[in-house]
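One letter stands for each residue in the lines below.
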Amino acid sequence: GFSIFLGFSSYTFTLGVSRDGDDFFFLRGLPLDWRAYLVAKFVSPYLLSTVPMLVIIVVALVALGVPVLSGAYLVLVYLGATAALGLLSLGLGAWFPRLNWDNEAQLVKGGGATLMVFAGLVVGVVVMALPALALLGCGLWAVLEPAAALAIALALLVAECAVLAFWLLGPCARRLSRLER
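A brief structural summary. Everything numeric here is computed off the predicted structure, so don't read it as measured data.

A contiguous nonpolar surface patch, about 530 Å² in accessible area, is contributed by V39, V43, L47, V51, V55, V59 and L169. Here the nonpolar patch gets six residues from one element, more than from any other, and that element is helix α3 (residues 34–63). Tracing the backbone shows L169 in helix α7 (residues 146–178).

Shown next as structure tokens:
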């Protein structure tokens, strides 16, 4: 369920580059650091989608009396999962931008936009798959100690974020710098 919820937030990241439309090619004429461009496209939606949910999560954790250490772990998993999903979604949107549209309704409506929403759901499941396997190793299969499973799940999220950030700020940024009309 958590991964499906995350998947719906990926839509904003995926369309980050495409929303520039023809203005993107105007930006190509400027001395622009494409890594900074992609970081800006990541930070704004990340803060706008994460901070309100983070407040709701923290209030719920306090209201339910969840211990501080467990609550902090859940918050870290939420932040890591949303970061990984945002990086992957923005990378896909930067790798396959839709820049030829007359009005924004063409960009956000129709088969392509619907496909991106469902792709976001799949991406949400994929982002959470490795950490979930580590937790299953503890809870269901009993091959890992609980502390080890929790540490491995968090380490996998950090590793996913590092690899995705490298991909976004490396190959994706270079691809955008060379994109022609």
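So, about α3. A rise of 1.5 Å per residue sets the reference length of α3, with its 30 residues, at 44 Å; its end C-alpha atoms lie 43 Å apart and thus fit the reference within 8%. Those residues of α3 not exposed but buried are W34, Y37, L38, K41, F42, P45, Y46, T50 and L61. Taking the backbone nitrogen of R35 as reference, a side-chain oxygen 3.1 Å away marks D33 as the first, capping residue of α3. Phi turns positive one or two residues past the end of α3, at G65, with a value near 70°.

With that settled, the discussion passes to the packing of aromatic side chains. In the structure shown here, the tally under the stated rule is three aromatic pairs. Ring centres of W34 and Y37 lie 5.1 Å apart, and the angle between their planes is 70°; this geometry places the pair in the edge-to-face category. Linking W34 with Y37, this pair stays in helix α3, spanning three residues, or about one helical turn. Like Y37, W34 is buried. Both rings, one in W95 and one in W167, keep their centres 6.3 Å apart while their planes meet at 35°; by these two values the pair is tilted. Separated by 72 residues along the polypeptide, W95 in helix α4 (residues 68–95) and W167 in helix α7 bring together distant segments of the chain. Look at W167 and you get partly exposed, because its relative accessible area is 23%.

Between α3 and α7, the least distance of the axes is 9 Å, while the angle of their chain directions is 110°. Regarding the angle of α3 to α7, the classification is roughly perpendicular. Of the two elements, α3 crosses α7, and the hand of that crossing is right-handed. Contacts between α3 and α7 involve W34, R35, Y37, L38 and V39 from the first element and L168, L169, C172, A173, L176 and S177 from the second. Considering only residue class, the contact of α3 with α7 consists of nine nonpolar, one polar and one charged.

Rules behind the numbers
Residues numbered from 1 in each chain as written. Predicted model: local features only at pLDDT ≥ 70, side-chain atom pairs only at ≥ 80, totals over all residues. Heavy atoms only, no water. Patch = residues over 30% accessible without salt bridge, like charges linked within 9 Å, V, L, I, M, F, W, Y side chains within 5 Å. Areas by Shrake-Rupley, 256 points an atom, 1.4 Å probe, with all protein chains shown as cover. Salt bridge = Lys/Arg side-chain N within 4 Å of Asp/Glu carboxyl O. Helix = DSSP H or I, 4+ residues; strand = E, 2+ residues; numbered from the N terminus. Expected span 1.5 Å × (residues − 1). Buried < 20%, exposed > 50% of the residue type's maximum accessible area, 1.4 Å probe, protein only. Polar contact = N/O pair within 3.5 Å; in protein donor to acceptor, adjacent residues only side chain to side chain. Phe/Tyr/Trp six-rings, centres within 6.5 Å; stacked < 30°, edge-to-face > 60°. Axes fitted to C-alpha atoms, helices over the stretch in contact; angles between N-to-C directions. Parallel < 35°, antiparallel > 145°, perpendicular 65-115°, else oblique. Left-handed = near helix turned anticlockwise from the far one by under 90°. Contact = heavy atoms within 4.5 Å. Nonpolar A, V, L, I, M, F, W, Y, C, P; charged D, E, K, R; others polar.

Everything listed here is a matter of geometry and, on its own, says nothing about what the molecule does.
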